[in-house]
Amino acid sequence: MQNHIKNDIVEAFNNLIEKKDFDKITVQMILDEAGIGRATFYRYFKDKYEVMNYNYMQFLQSYLITGKIRTFEDFFLIMTSTGADFFRNKIKVFDSTGPNSFHSYMYEASFGMVKLVLAARGNPDPTPMELLQYSFLCHGIPFLYESWIKGEYPGVTPEEAAHVIYELLPEAMKGDLGLVP
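Reading the values: rules and limits
- Residues numbered from 1 in each chain as written.
- Predicted model: local features only at pLDDT ≥ 70, side-chain atom pairs only at ≥ 80, totals over all residues.
- Heavy atoms only, no water.
- Core = buried A, V, L, I, M, F, W, Y, C linked by side-chain atoms within 4.5 Å.
- Buried < 20%, exposed > 50% of the residue type's maximum accessible area, 1.4 Å probe, protein only.
- Helix = DSSP H or I, 4+ residues; strand = E, 2+ residues; numbered from the N terminus.
- Contact = heavy atoms within 4.5 Å.
- Salt bridge = Lys/Arg side-chain N within 4 Å of Asp/Glu carboxyl O.

Just checking my understanding: could you explain the nonpolar core for this structure?
Note on soluble globular proteins: their nonpolar side chains tend to be buried together. In terms of nonpolar packing, the biggest core is built from 56 residues, with Ile9, Phe41, Tyr56, Phe72, Phe75 and Phe76 touching the most fellow members. Where this core is concerned, the elements lending two or more residues are α1 (2-17), α2 (27-34), α3 (38-44), α4 (48-64), α5 (72-80), α7 (102-120), α8 (128-149) and α9 (158-168). Sequence-distant contacts of phenylalanine 41, defined by excluding residues within four places in its chain, comprise Ile9, Val27, Ile30, Leu31, Ile36, Lys46, Asp47, Lys48 and Val51.

As structure tokens, this is what we get:
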């Protein structure tokens, strides 16, 4: 029952984001679209930003748990192909700004994934220089993703883009992520 309601909220959000700018969507609109009350919404999410972020994380996890993402190159390929298709109608989420924006969330999710991979590889405490390098790369991911979805790289296939981005990574981030047994 719990996942059903949470999924209804996300589906309501997805329906709204296809019709309206993210900044114009209110929690009340999500409530109305999902046919639920305010207390039910807040049992699952604190605000519309959390719904947006949960939606994205569910998308990524669907690939992680199936073993389709074994390397960061696999991850980038999903982001430039399937991920682009997933968000093409939701492109307006990139228009949100501030600390709760989708860009900020994508940075946090990307940096969290880097830390997870480092820990899985036996390096839970990267040096400050490594953290700086990973942070720099993770800040660029949301902007690269947005520009890819908007079609700013005509003629570059998803495979080519994934490979080029992968080649930019430090050697410590290449190879098997170590997240899937």
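From this point, the narrative continues.
How should the environment of glycine 151 be read in this particular structure?
Mapped onto the elements, glycine 151 comes out in the loop between α8 and α9. Residue glycine 151 is classed as partly exposed on the basis of its relative accessible area of 46%. For the pair formed by glycine 151 and lysine 24, sequence separation is 127 residues and the distance between their alpha carbons is 24 Å.

Sorry, what's going on with the pattern of salt bridges here?
Side-chain pairs of opposite charge can arise where the charged atoms are in close proximity. Within this structure, the stated rule accounts for 4 salt bridges. Note that aspartate 176 is salt-bridged to arginine 70, the shortest N-O span being 3.5 Å. In this pair, aspartate 176 sits in the segment after α9 while arginine 70 sits in the loop between α4 and α5, placing the two residues 106 residues apart along the sequence. For aspartate 176, a relative accessible area of 40% puts it in the partly exposed group. The closest approach of N and O atoms between glutamate 171 and lysine 174, which form a salt bridge, is 3.2 Å. Shared partners join several salt bridges into a network, and the residues in it are Glu167, Glu171 and Lys174.

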